[in-house]
Amino acid sequence: MTGMDFPENEKRSLNFIESIIEEDLRNNKNESRVHTRFPPEPNGYLHIGHAKSICLNFGLADSYNGLCNLRFDDTNPEKEDVEYVDSIMEDIKWLGFEWNDTPYYASDYFDQLYEWSVQLIKEGKAYVDDQPQELISRQRGVPTRPGEESPYRNRRIEENLDLFERMKNGEFPNGARVLRAKVDMASPNMHMRDPVMYRILHQEHHRTGNKWCIYPMYDWAHGQSDYLEGITHSICTLEFEIHRPLYDWFLNQLVDEGAYRPRQIEFARLNLSYTVMSKRKLLELVQDKHVKGWNDPRMPTISGYRRRGYTPESIRNFADRIGVAKRDNVIDVGLLEFSVREHLNQIAPRVFAVLDPVKVVITNYPEGKVEHMVLENNPEDTEGGSREVPFSREVYIERDDFMEDPPKKFFRMGPGREVRLKGAYIVKCEDYIKDEDGNITEIHCTYDPESKSGGSGASRKVKGTLHWVSTTHAIDAEIRLYDRLFMDEDPAGHKEKDFKEFLNPDSLKVLRHGKLEPSLKTAKPGDKFQFQRLGYFCVDLDSADKNLVFNRTVPLRDSWTKMNK
RNA sequence: UGUCCGAUGGUGUAAUGGUAGCACUUGUGAUUUUGGUUCAUACAGUCAAGGUUCGAAUCCUUGUCGGACAACCA
């Protein structure tokens, strides 16, 4: 793996999974191998929650010189699709990870799983149940009381064998029969009450086509897949904790005591404030066209963040910061944004862009004169170089940067005040013009020729510094200021409500006439910039008219707005 | 009145019987050609009650609170 930005010398303490692994290593368990896996179901795009799991699984394999498989958990053809398979592989690569060997698929094990099922039937540990779903569910009962055994539970082995084969051969319709493991109907753990191993599903599979019409359930497929791949540490989220006894039960039926076997370890999934991360809900947003696709920049998907301008490094650093534990958590989305700013601050060139322009005329600056001001691209990057920005008699500044009657703590332009136009001159506001509605249409300034940046008189200090764009040289661009899409502060708390009530109506604002400095003319899709005082922006490309379009990745940290609250 | 899991500053996460540390947030200050960045500094924590121990966030007991589990989803 490449590009992890952790200082080598920094001593990192172990999280609880690392502690478990190190103990296994000390005990020489499984020949001291470390082999993890990332097992998404290809039924949606990866989101920021998956990023945590990816960083964990691939990161662990990396730090213990082990391997990490990518395995598609494709046991339910009703929801799955190759589009998702492809996007998942793309997103993992983009995050900077490489999976062991080739991608693996649970569907590659359908034959082996079938064979093992036959073996369990022969051993009297599995049976075919003819009852309808509702009845089976009712017999399972409630967690506080023992369940009731199915009348088919003690069916003859030969009959089970025959029925199971006929299930496989397609002799029965969907839902007619299931194969169940004979575990314990009285177990306080509902998952142990004779769980379903196979259901009948006459449904084409995106990889096995029409070969199968019975498909294994998660519990019957997952641990066995881990075993077949030589996984040592099967790391999953907390909701599978209660499945672990069943995970172990199945393995115990197939594997001798003391032999190699995988071990399931659970951690708390990521919850992000203001962010909905349920695949079901995200799918609904896509299908109902609230967003333009899974990679809409407002989506908390990996591909959405990528398009919005997040970097893989920042997401990996975020994953490292939030840590791993078993306690339920809600991480402030501000921490993700901090991680993004932190990285973008190092790599993104500063440029001038004016989103809400008002014209400034420098009355004592010669008409027609143009000076090319030299500006540092990035003060955080000594090798970032510099560029020339044309300056002339008329420039745009941000409407917010002028106040007719400014309060004391406002450092920017106001009548009679002096400010510096960054990289150029100190100007003084002499006058301004308003239209009949009271809107300011033009500001008149004079400039101090001695104050040119880099010149002998440049040391004079003024309170404020403004960004600007020469009116005759400015280029236009569409600039999208994305806001948080979801208002859902506690995703877990509102699960019964329609989450769409929490959609933020301001989540997409388009400013069609941003004025940009001319160097941006050559910007390419994916290029990232800091628009001074406005935030970090990433070039999207509007496929329709090839106009320059910028997505705001994240606003700057803004203490000015805080001061005014 | 089931089983399993969890509980450390506002939010997260370390300390594995021996100094409760780190990050984000927040406050203050310094630097600054953007009020950003950077740096310094401050505030703030072991759910409760017992027990074991020279010593407990850590081990034990009880309680409280929170989460997960009753799909032919994963």
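In what follows, the structure referred to is the one given above.
Overview of the structure. (Residues numbered from 1 in each chain as written. Chains lettered and ligands numbered in written order. Predicted model: local features only at pLDDT ≥ 70, side-chain atom pairs only at ≥ 80, totals over all residues. Heavy atoms only, no water.)

**Regarding the nonpolar core**
Next up, step 1: Formed by 37 residues in total, the largest nonpolar core has its most connected members in Ile 48, Ile 92 and Leu 272.
Next up, step 2: Of all the secondary structure elements, the ones that give two or more residues to this core are helix H2 (48-63), strand E2 (67-72), helix H3 (82-95), helix H10 (302-308), helix H11 (312-322) and helix H12 (333-347).
Next up, step 3: Within the second largest apolar cluster, 33 residues are counted, among which are Tyr 104, Phe 110, Ile 200 and Trp 212. (Core = buried A, V, L, I, M, F, W, Y, C linked by side-chain atoms within 4.5 Å. Buried < 20%, exposed > 50% of the residue type's maximum accessible area, 1.4 Å probe, protein only. Helix = DSSP H or I, 4+ residues; strand = E, 2+ residues; numbered from the N terminus.)

**Concerning empty space enclosed by the protein**
In this approach the atoms are scanned with a rolling probe the size of a water molecule, which exposes any empty space left behind.
Next up, step 1: Summed over all chains, the structure comprises two cavities of 30 Å³ or more.
Next up, step 2: By volume, the largest cavity amounts to about 140 Å³.
Next up, step 3: Considering the residues around the largest cavity, the lining is formed by 15 residues, among which Thr 275, Tyr 305, Arg 308, Arg 484 and Leu 485 are closest to the centre.
Next up, step 4: Listed by contribution, the elements that provide at least two residues to the lining of the largest cavity are H10 and H12.
Next up, step 5: A breakdown of the residues in the lining of the largest cavity according to their chemical character gives nine nonpolar, one polar and five charged.
Next up, step 6: Taken as a whole, the second largest cavity encloses approximately 40 Å³ of empty space.
Next up, step 7: Lining the second largest cavity, in full, are Tyr 218, Asp 219, His 222, Gly 223, His 243, Tyr 247 and Gln 264. (1 Å grid on protein atoms, 1.4 Å probe; cavity = no way out; pocket = protein on both sides within 12 Å on 5 of 7 lines; lining within 4 Å. Points joined across faces, edges and corners; volume = space filled by probe spheres on them. Nonpolar A, V, L, I, M, F, W, Y, C, P; charged D, E, K, R; others polar.)

**A look at helix H4 (residues 110-122)**
Next up, step 1: For H4, which comprises 13 residues, the first-to-last C-alpha distance of 18 Å matches the rise-based estimate of 18 Å (1.5 Å per residue) to within 8%.
Next up, step 2: Taken together, the buried positions of H4 are occupied by Phe 110, Leu 113, Tyr 114, Trp 116, Ser 117, Val 118, Leu 120 and Ile 121.
Next up, step 3: At the C-terminal side of H4, Gly 124 shows a positive phi close to 75 degrees. (Expected span 1.5 Å × (residues − 1).)

**Remarks on the side chain of His 233**
Next up, step 1: One can find His 233 in strand E8 (residues 233-237).
Next up, step 2: We classify His 233 as buried; its relative accessible area is 2%.
Next up, step 3: In this structure His 233 touches Ile 21, Asp 24, Arg 33, Val 34, His 35, Thr 36, Arg 263 and Ile 265, once residues within four positions along its chain are discounted. (Contact = heavy atoms within 4.5 Å.)

**Quick look at helix H6 (residues 157-168)**
Next up, step 1: Taking 1.5 Å of rise per residue, the 12 residues of H6 would be expected to cover 16 Å, and the 17 Å separating its terminal C-alpha atoms lies within 8% of that figure.
Next up, step 2: Buried residues of H6: Asn 160, Leu 163, Phe 164 and Met 167, and no others. Buried residues of H6 fall within an arc of 100 degrees about the axis and therefore sit on the same side.
Next up, step 3: On its buried face, H6 is in contact with H4, strand E4 (126-129), strand E5 (178-181), strand E6 (196-200) and strand E7 (214-216).
Next up, step 4: Phi for Gly 170, located one or two positions after H6, is positive at around 85 degrees. (Arc of directions from axis to C-beta.)

**A look at unusual backbone geometry**
Next up, step 1: Here the phi dihedral of Ser 32 falls at roughly 60 degrees; this positive angle occurs in a residue that is not glycine.
Next up, step 2: Its location among the elements puts Ser 32 in the loop between helix H1 (16-26) and strand E1 (35-38).
Next up, step 3: Looking at Ser 32, the relative accessible area reads 32%, which means it is partly exposed.
Next up, step 4: Even without being a glycine, Asp 101 presents a positive backbone phi close to 55 degrees.
Next up, step 5: Relative to the elements of secondary structure, Asp 101 occurs in the loop between H3 and strand E3 (104-105).

**Side note on the packing of aromatic side chains**
Next up, step 1: Inspection of the entire model under this criterion finds 28 aromatic pairs.
Next up, step 2: Ring-pair connections join several aromatic residues into one group, and the members of that group are Phe 110, Tyr 114, Phe 164, Tyr 198, Trp 212 and Tyr 215.
Next up, step 3: Directly above the aromatic system of Tyr 105 lies the positively charged group of Arg 207, at a separation of 3.5 Å from the ring centroid. (Phe/Tyr/Trp six-rings, centres within 6.5 Å; stacked < 30°, edge-to-face > 60°. Lys NZ or Arg CZ within 6 Å of the ring centre and 35° of its normal.)

**Some remarks on the protein's contact with RNA strand B**
Next up, step 1: Not every one of the 72 residues close to RNA strand B is listed here, only the nearest: Ser 19, Arg 327, Ser 453, Gln 532 and Trp 560.
Next up, step 2: The sugar-phosphate share of atoms of RNA strand B within 4 Å of the protein amounts to 65%.
Next up, step 3: Arg 533 places a polar side-chain atom, nitrogen or oxygen, 2.5 Å from a base oxygen of RNA strand B.
Next up, step 4: Contributions of two or more residues to the surface near RNA strand B are made by helix H5 (133-140), E6, H11, H12, strand E19 (464-466) and helix H13 (559-563).
Next up, step 5: If you tally residues by element for the surface near RNA strand B, the top one is H13, at four residues.
Next up, step 6: A class-by-class count of the residues in the surface near RNA strand B yields 28 nonpolar, 22 polar and 22 charged. (Near = heavy atom within 4 Å. Polar contact = N/O pair within 3.5 Å; in protein donor to acceptor, adjacent residues only side chain to side chain.)

**What about the sheet that holds E1?**
Next up, step 1: Spatial ordering of the open sheet is given by E1-E2-E3, a layout of three strands whose pairing is parallel. Whereas interior strands pair on both sides, the edge strands pair on one side only; in this sheet they are E1 and E3.
Next up, step 2: Summarising the sheet, E1 and E2 pair through four bridges and their orientation is parallel. Residue pairing in the sheet places His 35 in a bridge with Leu 67 of E2.
Next up, step 3: Running over the sheet, H2 touches E1 and E2 and is turned about 160 degrees from E1.
Next up, step 4: Packing against the sheet, H3 makes contact with E1, E2 and E3, and its axis sits at approximately 155 degrees to E2. (Pairing = 2+ DSSP bridges. Axes fitted to C-alpha atoms, helices over the stretch in contact; angles between N-to-C directions.)

**With respect to the layout of surface pockets**
Next up, step 1: Estimates place the volume of the second largest pocket at around 1300 Å³.
Next up, step 2: Forming the walls of the second largest pocket are 36 residues, and the residues nearest its centre are Arg 533, Pro 555, Leu 556, Asp 558 and Thr 561.
Next up, step 3: Listing elements by their share of the lining of the second largest pocket, those giving two or more residues are H12, E19, strand E21 (475-482), strand E22 (508-516) and H13.
Next up, step 4: Sorting elements by how many residues they give to the lining of the second largest pocket places H13 first, with five residues.
Next up, step 5: Class assignment of the residues belonging to the lining of the second largest pocket gives a composition of 11 nonpolar, five polar and 20 charged.

**A few points about the pairing of strand E15 (residues 394-398)**
Next up, step 1: The element E15 is largely enclosed, with a buried count of four among its five residues.
Next up, step 2: By the bridge criterion, five bridges tie strand E12 (residues 357-362) to E15 in an arrangement that is antiparallel. Residue pairing across strands places Val 360 opposite Val 395, the latter belonging to E15.
Next up, step 3: Note that E15 and strand E20 (residues 469-470) share two bridges and pair antiparallel.

In short, shape yes, function no, at least from these values alone.
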